[in-house]
Amino acid sequence: MANAVFKLNQIEASYVVGIASVASDGSLTIHTDDDVITASRAASCLVPPGEGDEVAVVVIGDGRAFVTAILVAANDRPTEIAVDGDLHIAARGGTCRIDAGEGVELRTEGRMSLVSKVLNLRAAEGSAAFSKLTVLATSVVAHSDTVRFAAKALESFCDHVAQTAKSWQRTVEELDTLRAGSADYRTEKEMCIRAENYLVGARNLAKIDADQVHLG
């Protein structure tokens with residue numbers, strides 16, 4: 001390894017400035033005042049040159065040429081960081097922050113994973129669309145002024161459900177069915193049940209207990 005470093009140090013290099021020409025396959029041709037150079041993008045040059053960009057090129061003594069930087073872009077285009085293969089951004093021992101005045105968009109045709117000890121999401125408005133969603137949590141706490149939920153079918157499986165509300169209103173257009181081992185309904189004031197037909201059946205005992213009972 002030391003011999004390889006020594007040999008590289010003996011190779012002379014020169015720097016030139018030229019105008020980039022980009023082929024359909026991404027290969028680069030650099031037009032300088034004196035020559036036309038076929039060059040590759042240096043590994044540290046993360047922004048790919050565009051057609052007509054003014055670029056800095058290092059030419060090594062063995063004939064290789066590398067574009068090291070874009071000096072002036074030929075047109076007003078978004079800055080793109082592009083690499084071939086995997087890309088890993090790391091902030092070892094510190095934090096990593098992305099700021100954008102207009103917005104941030106993440107896209108992938110594969111899998112996207114977020115792994116964190118603590119995850120905080122904050123937004124004035126939000127929306128989410130999933131073809132299939134699975135949520136696993138040891139506990140869930142939610143606070144909201146208004147919640148609206150719409151679904152074609154809903155199934156929930158719980159060992160225990162407790163709900164507390166000041167008022168509760170339900171509307172069922174068709175059939176409302178309850179199957180329970182025991183059912184206990186208690187009200188402090190009145191309970192009103194009205195129907196076109198009202199049927200009460202008991203296998204063993206049916207009992208009405210009150211100070212006054214009016215039938216008919």
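Keep in mind that what you see is a predicted model, and the values were worked out from it rather than measured.

Novice: Now, about the overall build of the chain: what can you tell me, with residues and values included?
Specialist: If you tally the helices and strands in the chain, you get 1 helix and 5 strands. Taken against the 2.2 N^0.38 rule, which gives 17 Å for 216 residues, the C-alpha radius of gyration of the chain at 36 Å runs more than 25% over that of a compact globule. Counting only C-alpha atoms, the chain reaches 110 × 40 × 30 Å along its principal axes. Counting across all 216 residues of the chain, residues that qualify as buried make up 9%. Nonlocal contacts in the chain, meaning residues at least 24 apart in sequence, comprise 49% of its contacts between residues at least 6 apart. Working note: accessible area of the chain is about 22200 Å², and carbon and sulfur atoms make up 49% of it. Averaging the positions of the 21 positive and the 30 negative side-chain charges in the chain gives two centres separated by 13 Å.

Novice: Break down the nonpolar core for me, with residues and values.
Specialist: Soluble, globular proteins show a tendency: their nonpolar side chains are buried together. In terms of nonpolar packing, the biggest core is built from 9 residues, these being Ala 20, Leu 28, Ile 30, Ile 37, Ala 39, Val 55, Val 57, Ala 65 and Val 67. Contributions of two or more residues to this core are made by strand S2 (28-31), strand S3 (36-41), strand S4 (54-60) and strand S5 (65-72).

Novice: If you had to explain the layout of surface pockets to someone new, which residues and values would you point to?
Specialist: There is about 840 Å³ of room inside the largest pocket. Lining of the largest pocket is provided by 15 residues; of these, Met 191, Ile 193, Tyr 198, Leu 199 and Val 200 occupy positions nearest its centre. Size it by volume and the second largest pocket reaches roughly 700 Å³. Along the wall of the second largest pocket there are 16 residues; nearest its centre are Leu 121, Phe 130, Leu 133, Thr 134 and Val 135.

Novice: Could you give me a rundown of the confidence of the model for the chain, with the residues and numbers involved?
Specialist: Of the residues in the chain, 95% reach a pLDDT of 70 or more, and the chain-wide mean stands at 89. Across the chain, element-level confidence peaks in S5 with a mean pLDDT of 96 and bottoms out in helix H1 (residues 2-10) with 52.

Novice: Residue-level account of the sheet that holds S2, with values.
Specialist: The strand order around the closed barrel built from 5 strands is S1-S2-S3-S5-S4, with neighbouring strands paired in mixed fashion. Mean inter-strand twist for the sheet, computed between neighbouring axes without regard to direction, equals 55 degrees. In the sheet, strand S1 (residues 13-22) pairs with S4 via 7 bridges, with the strands oriented antiparallel. Residue pairing across strands places Val 16 opposite Val 57, the latter belonging to S4.

Novice: How would you explain the environment of Ser 27 if you had to name every residue and give the values?
Specialist: Here Ser 27 is to be found in the loop between S1 and S2. A relative accessible area of 34% means that Ser 27 is categorised as partly exposed. A distance of 2.8 Å separates the side chain of Ser 27 from the side chain of Asp 25, its partner in a polar contact.

Novice: Give a description of the pairing of S2 that names residues and reports values.
Specialist: By the alternation rule, side chains of S2 split into Leu 28 and Ile 30, which are all buried, and Thr 29 and His 31, of which none is buried. In this structure, S1 lies alongside S2, joined through 4 bridges in antiparallel fashion. Paired with Ala 20 across the bridge in S2 is Ile 30. Here S1 hands over to S2 after 5 residues, with Gly 26 in that stretch at a positive phi of 90 degrees.

Novice: Let's hear about a nonpolar patch on the surface: which residues, and what values?
Specialist: Together, Leu 178, Tyr 185, Met 191, Ile 193, Tyr 198 and Val 200 make up an exposed nonpolar region whose accessible area comes to about 720 Å². Its location among the elements puts Tyr 198 in the segment after S5. The exposure class of Tyr 198 is exposed, given its relative accessible area of 53%.

Novice: Could you give me a rundown of the side chain of Asp 53, with the residues and numbers involved?
Specialist: Positionally, Asp 53 belongs in the loop between S3 and S4. Relative accessible area serves as the criterion here: at 0%, Asp 53 is assigned to the buried category. Side-chain polar atoms of Asp 53 contact the backbone nitrogen of Ala 74, separated by 2.7 Å. A distance of 2.2 Å separates polar atoms of two side chains, one belonging to Asp 53 and the other to Arg 77. Apart from the residues lying within four places of it in its own chain, the contact partners of Asp 53 are Gly 18, Ile 19, Ala 20, Ile 70, Val 72, Ala 73, Ala 74 and Arg 77.

Parameters and conventions
Along every chain, residues carry numbers that run from 1 in the direction the sequence is written. With pLDDT at 70 or above as the cut-off, local features in this predicted model cover only qualifying residues; side-chain atom pairs require 80 or more to be listed or tallied, and sums for whole chains, interfaces and linings still use all residues. Side-chain measures here rest on the full set of heavy atoms in the structure, leaving out hydrogens and waters. Think of it this way: any DSSP run of H or I at least four residues long counts as a helix, any run of E at least two long counts as a strand, and we number them from the N terminus. For the radius of gyration, the atom set is restricted to C-alpha positions; the globular benchmark scales as 2.2 Å times the number of residues to the power 0.38. Here's how the labels work: a residue is buried when its accessible area is under 20% of the maximum for its type, exposed when over 50%, partly exposed in between, all with a 1.4 Å probe on protein chains only. In this analysis, two residues are considered to be in contact whenever any of their non-hydrogen atoms come within 4.5 Å of each other. Surface accessibility in these figures is a Shrake-Rupley result with a 1.4 Å probe; residues are shielded only by whichever protein chains are displayed. We count Lys and Arg on the positive side and Asp and Glu on the negative side, and we leave His and both chain ends out. By convention, charge coordinates are those of NZ in Lys, CZ in Arg, CG in Asp, or CD in Glu. In these notes, a set of buried Ala, Val, Leu, Ile, Met, Phe, Trp, Tyr and Cys residues joined through side-chain atoms within 4.5 Å is what counts as a nonpolar core. Cavities and pockets were defined on a 1 Å grid built over protein atoms only: a cavity is a set of grid points that admits a 1.4 Å probe from which the probe cannot escape, a pocket is an open set flanked by protein on both sides within 12 Å along at least five of seven lines, and lining residues are those with an atom within 4 Å of any such point. Grid points are joined across faces, edges and corners, and a volume is the space filled by probe spheres set on the points. As a per-residue measure, pLDDT reflects the predictor's confidence and takes values from 0 up to 100. We treat two strands as partners when DSSP finds at least two bridges between them. Only the contacting stretch of a helix is used when fitting its axis, a line to C-alpha atoms as for every element, and angles between N-to-C directions run 0 to 180 degrees. Any pair of nitrogen or oxygen atoms within 3.5 Å is treated as a polar contact; in protein, a donor-acceptor pairing is required on top of that, and neighbouring residues in sequence qualify only through side-chain atoms on both sides. Put simply, a patch holds well-exposed residues, over 30% relative accessible area, that have no salt bridge, with like charges counted together within 9 Å and Val, Leu, Ile, Met, Phe, Trp or Tyr side chains within 5 Å. A pair is scored as a salt bridge if a Lys or Arg side-chain nitrogen falls within 4 Å of a carboxyl oxygen belonging to Asp or Glu.

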